Structure formats: structure tokens, C-alpha cells
Amino acid sequence: MRGKRSKQYRKLMQQYSLHFGFREPYQVLLDAAILQDAKGFKMDFLKGLEKTLHGEVKPMITQCCMRHLYDAEQKDEDLISHAKAFERRRCGHHELEKPLSTLECLSSVVDPKSSRTNKNSYVVASQDDTVRATMRRIPGVPLIYLKRSVMIMEPMAGATEKVRDKEERDKFRAGLTGRRGAPAAKRMREEDGDDTGGRPVGVGNKFGGNIIGGEQVDDHEEAQPAQKKRKKGPSGPNPMSVKKKKSVPEQPAKKITKTAVSASAPIENEQTIEAAPVDTPADAPKKKRTRKHKSATKNTTTDEVAVTQEDSP
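In this convention, every chain numbers its residues from 1, walking through the sequence in written order. Given that the model is predicted, a residue must reach a pLDDT of at least 70 before its local features are reported, and side-chain atom pairs must reach 80 or more before they are shown or counted; all residues, however, enter totals for whole chains, interfaces and linings. Each side-chain value is derived from all of the structure's non-hydrogen atoms; neither hydrogens nor water enter the calculation.

Here the focus is the packing of aromatic side chains. Each Phe, Tyr or Trp ring (for Trp, its six-membered ring) is paired with any other whose centre lies within 6.5 Å, and the angle between the two planes then decides the class: stacked below 30 degrees, edge-to-face above 60, tilted in between. Enumeration over the complete set of coordinates arrives at two aromatic pairs. Here the aromatic cluster, defined as three or more aromatic residues joined through ring pairs, consists of Y16, F20 and F22. When the NZ atom of lysine or the CZ atom of arginine is within 6 Å of a ring's centre and also within 35 degrees of its normal, the charge is said to sit over that ring. A cation sits over an aromatic face here: R132 above Y145, 4.3 Å from the ring centre.

Below, the structure written as C-alpha cells:
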């Protein structure tokens, strides 16, 4: 089987499993004609079914189809023994003198009440065109046939697609993702936001609590107010791209020495007083430091002393 066709078949079976409840092993109803053609093509029929359906299969054959194999013009004992290994599906027509046709027998098994439903999730494998045309009218029936030793599964019929699309629309409108066929009353309650199960708000239940807003609240606990949703507004600038503010360093406290005026007081009794920090604005410019030059008088006196020493004998 080619990869593209195999991928299509896998997607088809996923759709049948999702919307119509197909599960492994898949129940495959066989007729006499497809078994005869499979033997004529010398193909492994069961292996081909597993590859086509992408899972385990359980082949089944009705009592009427078995009688068709016995009544064939060229009776094949090997084929009959091979068909006996399959599970026998009781159609209830064995009491008749002649077996029913393949169309009548399979229709009575797939849809016994003519309600257009495939209740037991059967896969129909038949070589009869009239059988496949009738089964296309029943939603959720995968159809398989052989064409030149190639097993082919038909795409979804129109009736099946309508049921699938309707279910998808119902789920979309109700906002549900639950299983197929959920009760309508439950959907209406969930749409209206009423999950109290038909009781008025604040009425107690069998567990001893009250139901407020669809949730059970104990008697000693009060219902908390709903949190306000945060309004979306213009976002601020990126903090990584904003220039950081310069921090102004604190000025250290200055120390002022105060010496005693009287000569009798010793020099060691100097008192250190911390000056109170002056309140200066943060943006005020710092005072420029001035360099102090040495006085010229000191240099002149030293030069005069040096000259007098040279003149002296």
C-alpha cells in the first residue's frame, strides 16, 4: 500500500472513531464474493484488512453468506474451511429454505430496525455494488472492496459527512468537547451558567454546605468576591533600554577642632565637634577647589640669610 493512500485511510478511521465510536478490534462483515476474489488474487486477506483499517480486525461472516459458499457452482472446500475460522454472525435466516441475498442479509444485520444507524459499528467488505450503494445511505459505515488485488476503502459518504458536520456545529455552538450525544438539558444549564442542579442559590445540599454561584461553600466560609480583571492598557518602556538614574553620594560629616584660648590649657585638650550636615540641594554644583600658593616673603628671607653668610669672613 502506498504511503499517501495509507495516510488517507488512517485519517478516515480516526474520524470514524471520533464521531461514531469505532474501536479495535474492528468488526468486519464479509460476503462470499469478496472471499472468492481474494483467493483468486492469491492475497493475504486478513493482513490486507489490518493494513487498510490500521488496527486489529475481527472478521465476521453471516449464515446466509456461508450458505452461498456451499451453493456455489464451483464449490471450494479450502475456501469454506477458511471461512469457518471466522466468527459466525447469526442473522436468523438459517430456518429459511433458501438463503437471502447478500443485500437483504447484510442490511438486516447492520440496520435491523431501518433507523439509518450503524449501532454495532460494523465495517462492510463487499464486492456487490448494490450492497455498497445501500450502505452509503446509512451514516457511519466504512466500505471496503477489492480492485485488481488492491484493497480499497471508500471515502466518507454524503450521509456520513452530514452527521459529522452537524455534530461539529453543535459542539461549536454549545462550547462542549464531551462525548457524542450529551443530554440537551445539561447543555442548556451550562449555557445559562446554572450549575446548581435546579436548586435555588444559597440552598443547602446533602453534604451540609450551601451552593453559591454553582460551587459548594461551607457555612463558616463566605463567598469571596470575584476578582476584577486587569484592564489592558499601553505598556511602559522596556526597563532594559531605559537609562538608569545616577545616585548622588552622601557627603561625609566634617570635623571641626576647637582649641582652648587660654595659654594655661594644655594643647592635648582639643575637642572635636561634628559639624551638622548642611542641607544642600542634590542638583547644586560642587564648589571648585582653589590651590593655595606659598607666600613670597618666606623665599626672600631665606635668600638674604644666604647672602649675608657669604659676605661674612
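Our next topic: helix α2 (residues 32–40). Of the residues making up α2, those classed as buried are A32, I34, L35 and A38. The buried residues of α2 occupy an angular sector of 170 degrees when the element is viewed end-on, so they sit on one face. Summary of the burial criterion: residues with accessible area below 20% of their type's maximum are buried, those above 50% are exposed, and those between are partly exposed, where the area comes from a 1.4 Å probe applied to protein chains only. The helix count covers DSSP runs of H or I at least four residues long, the strand count covers runs of E at least two residues long, and both are numbered beginning at the N terminus. It is the directions from the helix axis to the C-beta atoms whose arc is reported.

Two strands are said to pair when DSSP picks up at least two bridges between them. Reading across the sheet, the six strands line up as β3-β2-β1-β4-β5-β6 and stay open at both edges, with mixed pairing between neighbours. Edge strands, defined here as strands with exactly one partner in the open sheet, are β3 (87–89) and β6 (150–153). If you compare each strand with its neighbour and ignore which way they point, the axes differ by 35 degrees on average. Note that strand β5 (residues 143–147) and β6 share four bridges and pair antiparallel. Across the sheet, K147 pairs through a bridge with V150, a residue of β6. Lying over the sheet, helix α1 (residues 3–20) contacts β1 (26–30) and β6, oriented at roughly 40 degrees with respect to β6. Whenever a helix is involved, its axis is fitted only over the stretch in contact; in every case the axis is a line through C-alpha atoms, and angles between N-to-C directions fall within 0 to 180 degrees. Here, residues are in contact when the closest pair of their heavy atoms is within 4.5 Å.

In short, geometric facts, not functional conclusions.
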